[in-house]
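# Examination of the molecular architecture
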Amino acid sequence: MKFGTRTAGADGDGNSSLISRVVLAVVVIWLFICLLVGWYWSNEPDLEPVAGPPTAEMVSGEYTARTLRGIVETLLEKPGGYLSNDIMPPGLWLDNMPRWEYGVLVQARDMTRALRRDMARSQSQSTEDRDLVKAEPRLHFDNNSWAMPASESEYRDGIRALDSYIARLHTGDADFYSRADNLSSWVGDVSTRLGSLSQRLSASVGRAPLTTGGKIGETTPWLEIDNVFYEARGTSWALVQLLRAVEHDFGDVLEKKNALVSLQQIIRELEATQQTLWSPMVLNGDGFGMLANHSLVMANYLSRANAGMIELGRLLEQG
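Computed from a predicted model, the values in this text were never measured in an experiment. (Residues numbered from 1 in each chain as written. Predicted model: local features only at pLDDT ≥ 70, side-chain atom pairs only at ≥ 80, totals over all residues. Heavy atoms only, no water.)

## Structural notes on empty space enclosed by the protein
Inspection of every chain in the model, using the stated rule, returns one cavity of 30 Å³ or more. Considering only enclosed or pocket space, the largest cavity measures out at about 30 Å³ in volume. Forming the boundary of the largest cavity are Pro49, Val50, Ala51, Tyr63, Thr67, Gln241, Arg244 and Ala245. Put simply, the parts of the chain that give the lining of the largest cavity at least two residues each are α2 (62-77) and α7 (225-249). In terms of residue count, the dominant contributor to the lining of the largest cavity is α7 (three residues). Residue composition of the lining of the largest cavity, grouped by class: five nonpolar, two polar and one charged. (1 Å grid on protein atoms, 1.4 Å probe; cavity = no way out; pocket = protein on both sides within 12 Å on 5 of 7 lines; lining within 4 Å. Points joined across faces, edges and corners; volume = space filled by probe spheres on them. Helix = DSSP H or I, 4+ residues; strand = E, 2+ residues; numbered from the N terminus. Nonpolar A, V, L, I, M, F, W, Y, C, P; charged D, E, K, R; others polar.)

## Quick look at the packing of aromatic side chains
One pass over the full model with this rule turns up five aromatic pairs. Measuring from ring centre to ring centre gives 5.7 Å for Trp30 and Trp93, while their planes differ by 75°; the resulting arrangement is edge-to-face. Of this pair, Trp30 sits in helix α1 (residues 8-41) while Trp93 sits in the loop between α2 and α3 (96-119); the two residues are 63 residues apart in sequence, bridging distant segments of the chain. For Trp30, a relative accessible area of 42% translates into the label partly exposed. A centroid spacing of 5.4 Å and a plane angle of 80° characterise the contact between Phe229 and Tyr230, whose relative ring orientation is edge-to-face. Neither Phe229 nor Tyr230 differs from the other in exposure class; each is buried. (Phe/Tyr/Trp six-rings, centres within 6.5 Å; stacked < 30°, edge-to-face > 60°. Buried < 20%, exposed > 50% of the residue type's maximum accessible area, 1.4 Å probe, protein only.)

## Here we look at the pattern of salt bridges
Following the criterion strictly, the structure yields 26 salt bridges and no others. Among the ionic pairs, Asp189 bridges to Arg113, the shortest N-O distance being 3.8 Å. Of this pair, Asp189 sits in helix α6 (residues 180-202) while Arg113 sits in helix α3, placing them 76 residues apart in sequence. With a relative accessible area of 22%, Arg113 lands in the partly exposed category. Glu128 is the partner of Arg116 in a salt bridge, and the nearest nitrogen-oxygen pair spans 3.2 Å. Here the residue Arg116 occupies a position in helix α3, and Glu128 occupies one in the loop between α3 and α4 (130-139), the gap between them amounting to 12 residues. By sharing partners, the salt bridges in this structure join Asp110, Arg113, Arg117, Asp118, Asp189 and Arg193 into a single network. (Salt bridge = Lys/Arg side-chain N within 4 Å of Asp/Glu carboxyl O.)

## A word on the layout of surface pockets
Each pocket or cavity is described by its volume, and for the largest pocket that value is around 870 Å³. Residue lining of the largest pocket: 30 residues in total, with Asn96, Tyr230, Leu277, Ser279 and Pro280 positioned closest to the centre. Counting only elements with at least two residues in the lining of the largest pocket, the list comes to α1, α3 and α7. Taken together, the residues of the lining of the largest pocket break down into 17 nonpolar, nine polar and four charged. Here the second largest pocket defines a volume of roughly 200 Å³. Residue lining of the second largest pocket: 15 residues in total, with Tyr102, Val106, Gln107, Arg193 and Glu231 positioned closest to the centre. For the lining of the second largest pocket, the secondary-structure elements that each account for two or more residues are α3, α6 and α7. Tallying contributions element by element places α3 first for the lining of the second largest pocket, with seven residues. Partitioning the lining of the second largest pocket into residue classes produces three nonpolar, six polar and six charged.

Okay, here's the thing in structure tokens:
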């Protein structure tokens, strides 16, 4: 008899088992790291002014332009950078932060268009600002493109165009007209965005809105509820930043139109949307059920802000 011998098959099985355990351990560690990184990347920026506090040296319109620039830069420089076009984990697996980014991006696009179309022009027949002509299409570039060119490269070109406009504005080579009609046009755009978001959030409870002709509209699909919620969060964050800038640059107009308090109340409503979400997921309970419905809470704040926007627009249009 022979003792202490092992067959080649036994050695092979032992090595395969060891390799399998090592591979499994590596995968588990990698997934855990991705989980931690994804959690860190999903942290939303706070409400600190992206352009810092306004200074006495700033000319009219400069703070609004700097705030717009800061909003776009935040999209690119926040933890994880710009995630909407990621094709690799963990960015690929995240959907809440990309929807937040989209909400911010829409507001940046709307303000850039308002600057180019109205605020930087003395009248409808005047020439558009050359830097804003470059900035607007850059910021309207596809938000999901990852190469040739990547979304980030286009948005950085937009930032450079805004930098040029800000520099020229500061030296008097560019214009900004803080008139009531210019502000009213942008306020109307914002009101439309808020109304749409509020309706989509409210449609999350399964009660579809009525459309023209009394037909039943569509409800928000269950898997898209958190997407709409975070898009609303991003929209509100960007609007708080922009409305603070508007309060500074259009302060005299708002005082004259008795609209300053209305704008400040809108800011307060939108600031409330940035409260910490303590639940690990966006809950969609019934309106009077045992579980919260975060979409309806968000819709309430947006509806109140939208009502304020409508009132603000009415005050600006009055003589």
